[in-house]
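Below are the chains, spelled out letter by letter.
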Amino acid sequence: MEAPQYVAARVQQALAEDTRTHELGIHVDIRGDQMFLRGKVSGAEQRERLGAVAHEAAPGLRMHNEIKIVDYGEPGEDEHLD
């Protein structure tokens, strides 16, 4: 059986290198037969793609996609410093 830290590293590498995701900011935690994905992304589509890639990288694990979707709105007014 492969050590959990190696499985997590393999999944993180897949998330970073897969052309569908290219994501570096996702934390992967393996506990027994379960995989937890945590982090923040800007859209539901990216969250779903990350889940798919992670599942492909570790298909024998039960996945919990706990990635949060955050709103990166347009920047506000310029800040003027006097």
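Preceding this section is the structure that the text describes.
Okay, so let's go over this structure. All residue numbers here refer to positions counted from 1 along the written sequence of the relevant chain. pLDDT decides what is reported in this predicted model: residues at 70 or higher carry local features, side-chain atom pairs at 80 or more are listed and counted, and totals for whole chains, interfaces and linings draw on all residues regardless. To obtain the side-chain values, all non-hydrogen atoms of the structure were used and water was disregarded.

The pairing criterion is simple: DSSP has to find at least two bridges between the two strands. Under the scheme used here, helices are H or I runs from DSSP no shorter than 4 residues and strands are E runs no shorter than 2 residues, and both carry numbers assigned from the N terminus. Relative to strand β2 (residues 34-38), strand β1 (residues 27-31) runs antiparallel, the two being bridged by 5 bridges. Counted as the bridge partner of V28 is L37 from β2. A loop of 2 residues connects β1 with β2, the two strands running antiparallel in sequence, and G32 in this loop sits at a positive phi of about 65°. One ladder, built from 4 bridges, connects β2 with strand β4 (residues 62-65); its direction is parallel. In the strand pairing of β4, L37 is matched with N65.

Here we come to helix α1 (residues 4-17). Count 3.6 residues to each turn of an α-helix, and residues three or four apart come out pointing the same way. Between its first and last C-alpha atoms α1 spans 20 Å; for 14 residues at 1.5 Å apiece the expected length is 20 Å, and the two agree. Buried within α1 we find V7, A8, V11 and L15. Buried residues in α1, looked at end-on, bunch into an arc of 100°, giving them a common side. Summarising the geometry of α1, the exposed residues directed more than 90 degrees from the buried face are Q5, Y6 and E17. Here, two residues are considered to be in contact whenever any of their heavy atoms come within 4.5 Å of each other. The secondary structure elements touched by the buried residues of α1 are β1, β2 and α2 (44-57). A helix is expected to span 1.5 Å for every residue after the first. Relative accessibility under 20% of the residue-type maximum defines a buried residue, over 50% an exposed one, and the middle range a partly exposed one, all with a 1.4 Å probe and only protein chains included. The directions from the helix axis to the C-beta atoms form the arc being described.

A separate point is the packing of aromatic side chains. One pair of aromatic rings is described through two measures. These are the centre distance and the angle between the planes. Two aromatic rings, drawn from Phe, Tyr or Trp (for Trp, its six-membered ring), form a pair once their centres lie within 6.5 Å of each other, and the interplanar angle then sorts them: stacked below 30 degrees, edge-to-face above 60, tilted otherwise. Following the criterion strictly, the structure yields 0 aromatic pairs and no others. Its guanidinium or amino end placed over the ring of F36, R31 lies 6.0 Å from that ring's centre, counting from NZ or CZ. Remark: a charge is flagged as sitting over a ring if the NZ atom of Lys or the CZ atom of Arg is within 6 Å of the ring centre and within 35 degrees of the ring normal.

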